[in-house]
Number of protein chains: 2
Amino acid sequence: MAVGETRFPAMPVIEGLRLGTAMAGIKKPERRDLVVIEIPQGARVAGSFTRNAFCAAPVTVAKANLAACQARGEGARLLVINTGNANAGTGEVGLRDAHATCTELARLAGVPEDSVLPFSTGVIGEPLPMERLLGGLPSALESLGADDEAWQQAGEGILTTDTRAKGASVTLTIGDGAVTINGISKGSGMIKPNMATMLAFVATDAAIEQTLLDSLLRETVDRSFNCITVDGDTSTNDACVLIATGRGAEVVSDEQVAVFRDGLQRVMTELAQAIIRDGEGATKFVTLQVSEAASREEALDVAFTVAHSPLVKTALFASDANWGRILAAVGRAPVSDFDVERVTIDLGDVRLVENGGRAAGYTEEDGSRVMREEEITIRIALGRGEEGATVWTSDLSHDYVSINADYRS
Amino acid sequence: MAVGETRFPAMPVIEGLRLGTAMAGIKKPERRDLVVIEIPQGARVAGSFTRNAFCAAPVTVAKANLAACQARGEGARLLVINTGNANAGTGEVGLRDAHATCTELARLAGVPEDSVLPFSTGVIGEPLPMERLLGGLPSALESLGADDEAWQQAGEGILTTDTRAKGASVTLTIGDGAVTINGISKGSGMIKPNMATMLAFVATDAAIEQTLLDSLLRETVDRSFNCITVDGDTSTNDACVLIATGRGAEVVSDEQVAVFRDGLQRVMTELAQAIIRDGEGATKFVTLQVSEAASREEALDVAFTVAHSPLVKTALFASDANWGRILAAVGRAPVSDFDVERVTIDLGDVRLVENGGRAAGYTEEDGSRVMREEEITIRIALGRGEEGATVWTSDLSHDYVSINADYRS
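Because the structure is a prediction, the values reported are computed rather than measured. (Residues numbered from 1 in each chain as written. Chains lettered and ligands numbered in written order. Predicted model: local features only at pLDDT ≥ 70, side-chain atom pairs only at ≥ 80, totals over all residues. Heavy atoms only, no water.)

Thoughts on the overall build of chain A
No. 1: Across its full length, chain A carries 11 helices and 16 strands.
No. 2: By the compact-globule yardstick of 22 Å for 409 residues, chain A fits well, its C-alpha radius of gyration being 22 Å.
No. 3: The C-alpha extent of chain A, read off along each of the three principal axes, is 70 × 50 × 35 Å.
No. 4: Across the 409 residues of chain A, 62% fall into the buried class.
No. 5: Per element, the accessible surface of chain A, about 14400 Å² overall, is 45% carbon and sulfur.
No. 6: When the 37 positive and 57 negative side-chain charges of chain A are each reduced to one mean point, those points stand 3 Å apart. (Helix = DSSP H or I, 4+ residues; strand = E, 2+ residues; numbered from the N terminus. Rg over C-alpha atoms; globule rule 2.2 N^0.38 Å. Buried < 20%, exposed > 50% of the residue type's maximum accessible area, 1.4 Å probe, protein only. Areas by Shrake-Rupley, 256 points an atom, 1.4 Å probe, with all protein chains shown as cover. Lys, Arg positive; Asp, Glu negative; His and termini not counted. Charge placed at Lys NZ, Arg CZ, Asp CG, Glu CD.)

Some words on the packing of aromatic side chains
No. 1: Evaluated as defined, the whole model comprises four aromatic pairs over all chains.
No. 2: Note on A:W323 and A:Y362: the rings are 6.1 Å apart at their centroids and 70 degrees apart in plane angle, and the pair reads as edge-to-face. Placement of the pair is A:W323 in the loop between α8 (310–317) and α9 (324–332) and A:Y362 in the loop between β14 (357–358) and α10 (364–371), with a sequence separation of 39 residues.
No. 3: Residue classification places A:W323 among the buried positions, given a relative accessible area of 5%.
No. 4: Lying across the ring of A:F338, A:R384 places its NZ or CZ 6.0 Å from the centre.
No. 5: B:R277 extends its terminal NZ or CZ atom over the ring of B:F285, reaching a point 4.0 Å from the ring centre. (Phe/Tyr/Trp six-rings, centres within 6.5 Å; stacked < 30°, edge-to-face > 60°. Lys NZ or Arg CZ within 6 Å of the ring centre and 35° of its normal.)

Remarks on unusual backbone geometry
Residue and element names in this part refer to chain A.
No. 1: Backbone geometry places E30, a non-glycine residue, at a positive phi of 55 degrees.
No. 2: Counting through the fold element by element, E30 comes out in the loop between β1 (18–22) and β2 (34–38).
No. 3: What makes E30 exposed here is its relative accessible area of 71%.
No. 4: We note that N355 has phi near 55 degrees; this positive angle belongs to a residue other than glycine.
No. 5: Topologically, N355 is positioned in the loop between β13 (350–354) and β14.
No. 6: Among the residues examined, N355 registers a relative accessible area of 53% and is labelled exposed.

Examining the UniProt feature "binding site: substrate" (unreviewed entry) in chain A
Residue and element names in this part refer to chain A.
No. 1: Annotation from UniProt places "binding site: substrate" (unreviewed entry) at T160, K186, T197, E280, N404 and S409.
No. 2: Looking at the element boundaries, T160 is found in the loop between α4 (148–157) and β6 (166–174).
No. 3: According to the relative accessible area criterion, T160 is partly exposed, its value standing at 28%.
No. 4: Aside from chain neighbours lying at most four places away, what touches T160 is R31, T83, T121, G122 and K186.
No. 5: Looking at the secondary structure, you find K186 in strand β7 (residues 177–186).
No. 6: In this structure the side chain of K186 is engaged in a polar contact, spanning 2.9 Å, whose partner is the side chain of T160. (UniProt positions renumbered as here; feature names shortened; annotations may be inferred. Contact = heavy atoms within 4.5 Å. Polar contact = N/O pair within 3.5 Å; in protein donor to acceptor, adjacent residues only side chain to side chain.)

A closer look at the domain arrangement of chain A
Residue and element names in this part refer to chain A.
No. 1: One can read the domain layout of chain A as domain 1 (18–277) and domain 2 (285–406).
No. 2: On a C-alpha basis, the centres of domain 1 and domain 2 stand 33 Å from each other.
No. 3: On the side of domain 2, 15 residues touch domain 1, which itself brings 16 residues to the contact.
No. 4: Taken together, the connections running from domain 1 to domain 2 amount to one salt bridge.
No. 5: Notably, a salt bridge pairs E375 with R277, separated by 2.3 Å at the nearest N-O pair.
No. 6: Along the contact surface separating domain 1 from domain 2 lie one residue pair in polar contact (both at pLDDT 80 or more).
No. 7: Mapped by element, the contributors of at least two residues to the side of domain 1 that touches domain 2 are β9 (228–229) and α6 (254–277).
No. 8: When its residues are assigned to classes, the side of domain 1 that touches domain 2 shows four nonpolar, seven polar and five charged. (Domains from an automatic or database assignment. Salt bridge = Lys/Arg side-chain N within 4 Å of Asp/Glu carboxyl O. Nonpolar A, V, L, I, M, F, W, Y, C, P; charged D, E, K, R; others polar.)

Some thoughts on the sheet that holds strand β4 (residues 78–83) of chain B
Residue and element names in this part refer to chain B.
No. 1: Pairing in this open sheet of four strands is mixed, and the strands run β1-β2-β4-β5 from one edge to the other. Of all the strands in the sheet, the pair left with one neighbour each is β1 (18–22) and β5 (116–121). With strand direction ignored, the average angle separating the axes of adjacent strands in the sheet is 15 degrees.
No. 2: As paired strands, β4 and β5 are joined by six bridges and run parallel to one another. Bridge assignment links T83 to a residue of β5, and that residue is T121.
No. 3: The sheet strands contacting helix α2 (residues 91–109) are β2 (34–38), β4 and β5, and the helix crosses β5 at an angle near 130 degrees. (Pairing = 2+ DSSP bridges. Axes fitted to C-alpha atoms, helices over the stretch in contact; angles between N-to-C directions.)

Re the nonpolar core
No. 1: A:F119, A:F260, A:I380, B:F119, B:F260 and B:I380 are the most contacted members of the largest nonpolar core, which has 240 residues in total.
No. 2: Dropping the residues within four chain positions of it, A:F260 is found in contact with A:L172, A:I174, A:V179, A:I181, A:T204, A:A206, A:I208, A:L216 and A:V251. (Core = buried A, V, L, I, M, F, W, Y, C linked by side-chain atoms within 4.5 Å.)

Some details on the interface of chain B and chain A
No. 1: Chain B puts 54 residues into the contact, and the matching count from chain A is 54 residues.
No. 2: Between chain B and chain A the total buried area reaches about 4400 Å² when both faces are included, carbon and sulfur atoms providing 60% of it.
No. 3: The interface formed by chain B and chain A holds zero salt bridges in total.
No. 4: Connecting chain B to chain A are 13 residue pairs in polar contact (both at pLDDT 80 or more).
No. 5: Of all elements in the fold, only α8 (310–317), α9 (324–331), β14 (357–358) and α11 (398–406) of chain B reach the threshold of two or more residues within the side of chain B that touches chain A.
No. 6: It is α9(B) that provides the largest number of residues to the side of chain B that touches chain A, a total of seven residues.
No. 7: Across the side of chain B that touches chain A, the residue classes break down as 25 nonpolar, 20 polar and nine charged. (Buried area = accessible area lost by both parts, 1.4 Å probe.)

Considering the pairing of strand β11 (residues 285–293) of chain B
Residues and elements named next belong to chain B.
No. 1: By the bridge criterion, seven bridges tie β11 to strand β15 (residues 375–381) in an arrangement that is parallel. Its bridge partner lying in β15, T287 is registered against T377.
No. 2: Relative to strand β16 (residues 387–394), β11 runs antiparallel, the two sharing seven bridges. Within the sheet, the bridge partner assigned to F285 lies in β16 and is S394.

Okay, structure coming up:
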């Protein structure tokens with residue numbers, strides 16, 4: 001299942017950046033499961049990784065190699081991503097396998113070993129099938145391309161339980177020049193990113209300083225991937241990489257940065273929302289807007305408490321206007337000195353709660369009308385301050401249980 | 001569905017304490033849905049209530065009335081409990097209805113109005129059907145009894161989506177005398193108590209001081225009802241009441257208190273576990289034991305993070321030894337400076353994780369053997385200190401989704 005349509009967009013070429021894929025048979029035969037992304041010399045690369053304490057071996061290696069590149073004032077040169085196996089919970093063997101993958105790809109491509117960043121996604125706790133993975137690298141390199149089709153195939157090559165490839169692209173006018181930002185992402189379950197979600201790779205031709213690139217990545221990830229949740233489960237393998245080749249327009253002045261930040265945020269948010277629309281078993285796309293909070297953190301706490309409530313999520317699945325479950329979830333959010341008399345809750349254009357209870361004009365008919373929609377916005381005003389946050393989530397359906405109970409993903 | 005058998009136990013008479021029920025037709029006809037508990041004069045009563053900010057009207061009134069009784073050095077005289085309607089999210093009307101229920105019952109029984117404590121459970125946000133509720137009070141009073149059958153019928157009269165009545169009883173030897181502790185509870189979904197869960201009523205004939213009774217209630221609730229979770233959703237109506245009639249043996253000396261505390265804890269834990277065994281859609285009863293934590297709070301954080309993980313819960317439902325999901329959930333728990341190298345995770349008698357990854361001797365066959373059992377213990381040692389905590393939970397099944405998506409509970 002999935003909510004709405006998300007067609008893979010047209011992706012303009014980002015000069016010097018190429019993507020290749022292979023069918024390496026890592027978990028299943030005849031499936032695009034290995035992706036290589038080639039980054040031109042002189043590019044800047046920023047990364048954002050999971051905060052799960054049991055982070056996967058490739059995350060450990062990618063972080064170390066990226067730091068080594070940055071210390072030399074360089075970007076990484078190659079990303080290698082496999083699906084079908086997360087190489088997480090694999091201890092020493094996992095680290096050795098992640099390093100061996102970098103060594104072999106570096107040898108084939110003629111670049112330093114630590115300029116290769118490895119990424120994995122799939123089942124946790126099983127050793128990587130190294131022979132098949134390494135065997136797939138030459139054909140992935142042979143297929144390198146920069147066009148639409150290369151982007152779409154790379155988008156497909158990183159999927160696990162996802163039902164469709166996810167891409168987003170904007171082209172911005174900056175000064176006299178233009179800047180393109182292309183991105184792909186994957187993720188469908190085990191989605192409650194803490195830093196970055198699952199896998200997302202975003203590339204731009206902008207010419208931009210490393211420190212600025214780093215801070216823009218942090219900032220835009222915080223308001224996109226860190227604001228989505230399917231099931232509250234933070235993956236061991238989350239990573240988001242932002243590449244700037246530097247061959248397009250310069251992003252330097254405050255005005256240029258503002259335009260670029262806005263475009264980057266749009267790409268990040270679109271990729272993050274695409275993950276929710278394709279959430280495991282999703283039949284609804286739900287936007288939770290919390291306002292009038294004392295702090296952004298408090299607004300996020302309330303939004304995530306509602307977004308993770310199995311009772312709210314099953315009511316959404318059933319299109320049942322059982323608003324008492326939303327009220328109960330808001331009431332248990334970790335907010336001190338909560339004055340429920342000041343809280344209002346709206347479902348779409350219908351006021352549900354005011355003055356500590358059901359709103360005077362509320363009718364079940366109005367509530368049901370909104371609940372039947374495929375895209376639903378819930379607005380919660382706390383009456384405590386000026387801060388706010390927006391979180392996106394999906395419902396909890398029979399298909400979510402089936403996907404996670406019937407298959408080892 | 002429900003896990004294992006929980007037969008309603010034999011309940012010795014607690015002299016002076018009587019229970020009555022009626023079919024008031026609050027939500028459905030021909031259903032025991034109204035319970036009155038009569039408490040003898042001179043008893044001491046302690047209460048523990050939900051911390052949900054949107055607490056229900058009866059909780060507000062019960063807390064205020066209990067405080068008024070305690071200020072006079074008295075216990076409450078009557079408890080009145082309806083199922084089928086939570087009287088929560090009902091604002092001013094809800095408070096008026098809760099007060100009106102107390103007024104009418106006080107008039108019928110000839111006791112002060114504020115010595116009646118009201119409790120409600122059921123759907124949130126709908127007004128109480130006052131005519132039917134008040135109409136049922138006389139027959140509930142007429143049926144008052146102290147025997148086994150009265151306890152069991154009261155146990156049935158407080159159920160909502162529960163599939164069976166829940167009771168527990170112990171008789172302790174204290175000094176030269178004996179003390180009995182009887183309890184009933186209800187709860188099946190919206191279970192992640194914060195203070196006390198759903199509804200539980202425990203009575204003893206012990207003679208015990210009010211401040212000691214209060215602290216023993218807090219302490220035993222903290223290690224029973226506050227350590228269970230079905231879905232992480234804290235109800236608006238949680239309440240646990242402990243009544244001591246004072247007609248049995250005295251509980252005064254340290255040794256007597258220790259014996260009484262132990263017996264009370266057993267009753268509380270049995271009642272709490274009965275809620276999990278009857279959790280909505282439950283097919284597994286899962287014990288999470290976290291040890292070697294730096295604090296009890298940290299141990300609880302880790303245990304609840306695993307207990308609330310939809311991915312762990314669906315794997316349990318599927319009897320799938322997908323232990324990577326347990327590892328990922330432990331890894332995202334809110335614990336700072338987490339050294340995963342020191343963590344061990346055991347599933348029953350099988351070591352899953354050590355040295356940051358899969359345990360050397362682990363085989364899928366061993367893991368699957370444990371996962372197929374109906375009662376499963378997961379032990380997580382953090383290698384950080386001496387503290388620990390135990391939490392009980394159920395799995396996430398298709399029936400959970402059906403129960404909460406197909407019916408308005």
